[in-house]
Amino acid sequence: MTTPLQVTARLRTPVTGSDHVRGAADAPVTIVEYGDFQCHYCGAAYPNLTELLRQREGTVRLVYRYFPIANVHPYAESAAEAAEAAGVRGRFWEMHDWLYEHQDQLDPVHLSLGVEQLGMPPDDIDAEVERHAHADRVRRDFVGGIRSGVNGTPTLFVNDARHDGGYALPDLLAAVDAAADT
Amino acid sequence: MTDPNGLIGPGRPAPDFALPATPDGRRTGVREYRGRPVVLAFYPADWSPVCGDQMALYQAAMPEFDQYRAAVLGISVDSLWSHRAFAEDQGVGFPLLADFEPKGEVARAYGAYTRSGEAARALVVVDPDGAVAWSQLYPPEVNPGADGILDALERMRASGEVRVG
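Note that the structure is a prediction, hence the values are computed from the model and not measured.

### Some words on a negative patch on the surface
Residues and elements named next belong to chain A. On the surface, Glu116, Asp123, Asp124, Asp126 and Glu130 cluster together to form a negatively charged patch. Mapped onto the secondary structure, aspartate 126 falls in helix H5 (residues 122–130). Overall, aspartate 126 belongs to the partly exposed group, its relative accessible area being 30%.

### Here's the deal with helix H3 (residues 80–90) of chain B
All names here are of chain B. For H3, every residue scored as buried is listed here: Leu80, Ser82, His83, Phe86, Ala87 and Gln90. All buried residues of H3 fall inside an arc of 150° around its axis, so they share one side. Facing away from the buried surface of H3 by more than 90 degrees, the exposed residues are Trp81 and Glu88. Just past H3, the residue glycine 91 takes up positive phi, approximately 65°.

### Side note on the sheet that holds strand S6 (residues 121–126) of chain B
Residue and element names in this part refer to chain B. The five strands lie next to each other as S5-S4-S3-S6-S7, forming an open sheet whose pairing is mixed. Each end of this open sheet is capped by a strand with a single partner; those strands are strand S5 (96–98) and strand S7 (132–138). Ignoring which end each strand starts from, the neighbouring axes of this sheet average 20° apart. Across five bridges, the pairing between strand S3 (residues 38–42) and S6 is antiparallel. Residue pairing in the sheet places valine 39 in a bridge with valine 125 of S6. The strands touched by H3 within the sheet are strand S4 (71–76) and S5, with S5 carrying the most contacts at an inclination of about 165°. The strands touched by helix H5 (residues 147–158) within the sheet are S3, S6 and S7, with S6 carrying the most contacts at an inclination of about 15°.

Cut-off values and rules
- Residues numbered from 1 in each chain as written.
- Chains lettered and ligands numbered in written order.
- Predicted model: local features only at pLDDT ≥ 70, side-chain atom pairs only at ≥ 80, totals over all residues.
- Heavy atoms only, no water.
- Patch = residues over 30% accessible without salt bridge, like charges linked within 9 Å, V, L, I, M, F, W, Y side chains within 5 Å.
- Areas by Shrake-Rupley, 256 points an atom, 1.4 Å probe, with all protein chains shown as cover.
- Salt bridge = Lys/Arg side-chain N within 4 Å of Asp/Glu carboxyl O.
- Lys, Arg positive; Asp, Glu negative; His and termini not counted.
- Charge placed at Lys NZ, Arg CZ, Asp CG, Glu CD.
- Helix = DSSP H or I, 4+ residues; strand = E, 2+ residues; numbered from the N terminus.
- Buried < 20%, exposed > 50% of the residue type's maximum accessible area, 1.4 Å probe, protein only.
- Arc of directions from axis to C-beta.
- Pairing = 2+ DSSP bridges.
- Axes fitted to C-alpha atoms, helices over the stretch in contact; angles between N-to-C directions.
- Contact = heavy atoms within 4.5 Å.

As far as function goes, none of this settles anything; it's purely spatial.
Below, the structure written as structure tokens:
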């Protein structure tokens, strides 16, 4: 109890059919990302994760879970709820990509334009965000993350173990290759 | 507990204190929350990136702490004015206490003071009767997250010490 403990947190909420998954279903390595659409560290990790999925196609799949830190990022919650609104329409990843590619345009007006740009009904989605139709889902992801030891964003779990290394492409490739070998 | 300077361990009474909590001079301590669990989050300093994330994270997790009626108090040796600016910047609504004068007195009482003159990064969960239920020291650069705290609160609830709010 008197020496600092380096705790390796583990994912406690298993991946299920209701998760948003990108990549081969039978990939031996699963990365679960807890992210906040307004977090710039998440924004910086986004292209690296995309490239990782491309370079290790078939080996790794990515699961995305919501972890909005609303007290620091005022648009994080509405962005997450909009992504989930797209998700129930089978368009989660398009919205996810748009959000990370337009992180400085997450205010309601631009968000609505983004939804329209993607060919989804902006009025319907605005209304769902407005009445927090998807807030429970977002909260469920957040709580599962908190219980699993998510300590900021992004937090990645590689085959259930928290990845405490960096988010540069070489770091991610090394983590995936190590997990694939075990 | 062979190290006399080690972090306070479970079963020990939590030392009471009265630290400034707001610039108008209001003070608070663990005794004020008797009957509820108290989470004491000692951290090295306002404004270091990892701390910001830790306190911001606890604010975001407040609905979970509320389920156990737990009070959350952040403690560092920074002054109240630093705390106030930091809390505003991070949207932190729970008290950040200034262990400023005499410097680090409360951190020392809990065995959470470092040679560099800052509080260690340490979590202490105090039960509703004022005894330490769980404590853990972390490396200064690691944001400990909230899972250890919630596990401790959950064990308290399972043993009947805390009712769900």
